Amino acid sequence: MATPGSDFQHGNPPGAYPPGAYPPGAYPPGAYPPGALPPGAYPAGALPPGALSPGALPPAGYYAPQDPSAIKGEMGLQKIPMPLGIPNCPPGLEYLTQVDQLLVHQQVELLEALTGFETNNKFQIKNSLGQQIYFAAEENDCCTRNWCGNMRPFDMKIINTFGQEIMSLYRPLRCAGCCCPCCLQEIEVMAPPGQPIGYVIQTWHPCLPKFTVQNEKREPVLKIGGPCCVCGCGDVDFQVTNLDESESIGKITKQWTGLLREAFTDADNFGIQFPLDLDVKVKAVLLAATFLIDFLFFEKSG
């Protein structure tokens, strides 16, 4: 058998085999697979072999291609590839399947810090390396923010680094204080927006902050409990436990940001820890619980 690089006296270009001598699956130099056309020769609307048609779903585990010209997300943070096509995972939440902790950093609003005028809260949601994966923004009107203070109802949108809304939160107006055991605080989690995936419901207790995490059927899944005193210098932990509160599986930590920032702003930082194999919908609900805890205990009252 002739080998690549045969002399030109046989009529074969350099690197070519004689006709009929190509290994299975190989093609002569310049040849194309069955059904393929040379580059630039595809008719309008035609796709090369293996290409996905518009709207088609990629294989499970596929990573969305990144646009090199748009490699920076909000606040100059690098975009990271998002896995797609994971079964039983709401679209946009696939990245949560790969992490066991999140960081939530509230942005400092200069107008609010200087005047005390309450503005819509905004948060960066990051992984443990500090890479931004989501952005959360409160949507509320001026009167509600400044008259109702930290008890105000709100809508909050969660957006990925490509500007797509992948989750929404709704907190209705509820009673304040431990003396009223009815109509307590709650927040609804929807992913995609309009499709409920879980709830966080405040549980009445005379001294301690307690919450129940529920799934989309309003069935209890986990409990959250905090300390009697949530003020002071230092971190404040809210333990995430099983339903009988016999085992801690994670925690939501309000992180101390320093005396000046704590005194003059209500921009808070949180860390969330949970098992890596926890249901992705429950991870999303724990993220929502962090916002509810922030508003209830660490947001300035009106």
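On a predicted model such as this, the values are computed, not experimentally measured, just so you know.

> For this particular structure, what's the right way to read the nonpolar core?
Counting residues in each nonpolar core, the largest one holds 51 residues, and the members touching the most others are Leu93, Ile158, Met167, Ile224 and Phe291. The element best represented in this core is helix H4 (residues 280-298), accounting for 14 residues. If near-sequence neighbours (up to four positions away) are discounted, Ile158 is found in contact with Ile125, Tyr134, Phe135, Ala136, Gln164, Glu165, Ile166, Met167, Leu169 and Phe291.

> It is not clear to me how the side chain of Gln106 should be interpreted in this structure. Could you clarify?
Looking at where Gln106 falls in the secondary structure, it is placed in strand E1 (residues 101-106). Judged by relative accessible area, which is 4%, Gln106 ranks as buried. Reaching out from Gln106, the side chain makes a polar contact with the side chain of Asn121 at a distance of 3.1 Å.

> I tried to follow the pattern of salt bridges on my own but got confused; where do I start?
When the charged atoms of two side chains lie near each other, side chains of opposite charge can form a pair. Scanning all chains against the criterion turns up 8 salt bridges. The partner of Glu138 in a salt bridge is Arg152, with the nearest N and O atoms 2.8 Å apart. With Glu138 in strand E3 (residues 132-139) and Arg152 in the loop between helix H2 (142-148) and strand E4 (154-160), this pair connects stretches of sequence that are 14 residues apart. Residue Lys254 is joined to Asp268 by a salt bridge in which the shortest nitrogen-to-oxygen separation is 3.7 Å. On the criterion of sequence distance, the pair formed by Lys254 in strand E11 (residues 248-255) and Asp268 in the loop between helix H3 (259-264) and strand E12 (269-273) is long-range, its members being 14 residues apart. Here Lys254 matches Asp268 in class, with each residue buried. Salt bridges sharing partners connect three or more residues here, namely Glu139, Lys157 and Glu165.

> I tried to follow unusual backbone geometry on my own but got confused; where do I start?
Leave glycine aside and you will find that most residues have negative phi; peptide bonds, for their part, are mostly trans. Geometrically, the link from Ala191 to Pro192 is a cis peptide bond, its omega value of -5 degrees lying close to zero. Here Pro192 shows up in the loop between strand E6 (186-190) and strand E7 (196-203). Backbone geometry places Asn88, a non-glycine residue, at a positive phi of 60 degrees. Along the chain, Asn88 falls in the segment before E1. Given the relative accessible area of 73%, Asn88 is considered exposed. Here Glu245, not a glycine, exhibits a phi torsion of approximately 60 degrees, which is positive.

> What exactly am I supposed to notice about the packing of aromatic side chains here?
Geometry of an aromatic ring pair is reported as the spacing of the ring centres plus the angle between the planes. Summed over the entire model, instances satisfying the criterion amount to 6 aromatic pairs. Aromatic side chains Phe238 and Phe298 sit 6.4 Å apart centroid to centroid with 85 degrees between the ring planes, which places their arrangement in the edge-to-face category. You can see Phe238 sitting in strand E10 (residues 236-241) and its partner Phe298 sitting in helix H4, a full 60 residues away along the chain. Site record: aromatic cluster; members linked through ring pairs are Phe211, Phe238, Phe270, Phe297 and Phe298. Here the guanidinium or amino end of Arg218 rests over the ring plane of Tyr199, the centre of that ring lying 3.7 Å away.

> Even after reading the chapter, I still don't get the pairing of E12, so can you show me in this structure?
Regular strands place their side chains on alternate faces of the sheet. Burial runs high along E12: 4 of the 5 residues are buried. The pairing of E1 with E12 spans 5 bridges and is antiparallel. Paired with Leu102 across the bridge in E12 is Ile272. Judged from the 5 bridges that link them, E11 and E12 form a sheet pairing that is antiparallel. Considered in E12, the bridge of Gln255 is made with Asn269.

Rules of the game
- Residues numbered from 1 in each chain as written.
- Predicted model: local features only at pLDDT ≥ 70, side-chain atom pairs only at ≥ 80, totals over all residues.
- Heavy atoms only, no water.
- Core = buried A, V, L, I, M, F, W, Y, C linked by side-chain atoms within 4.5 Å.
- Buried < 20%, exposed > 50% of the residue type's maximum accessible area, 1.4 Å probe, protein only.
- Helix = DSSP H or I, 4+ residues; strand = E, 2+ residues; numbered from the N terminus.
- Contact = heavy atoms within 4.5 Å.
- Polar contact = N/O pair within 3.5 Å; in protein donor to acceptor, adjacent residues only side chain to side chain.
- Salt bridge = Lys/Arg side-chain N within 4 Å of Asp/Glu carboxyl O.
- Phe/Tyr/Trp six-rings, centres within 6.5 Å; stacked < 30°, edge-to-face > 60°.
- Lys NZ or Arg CZ within 6 Å of the ring centre and 35° of its normal.
- Pairing = 2+ DSSP bridges.

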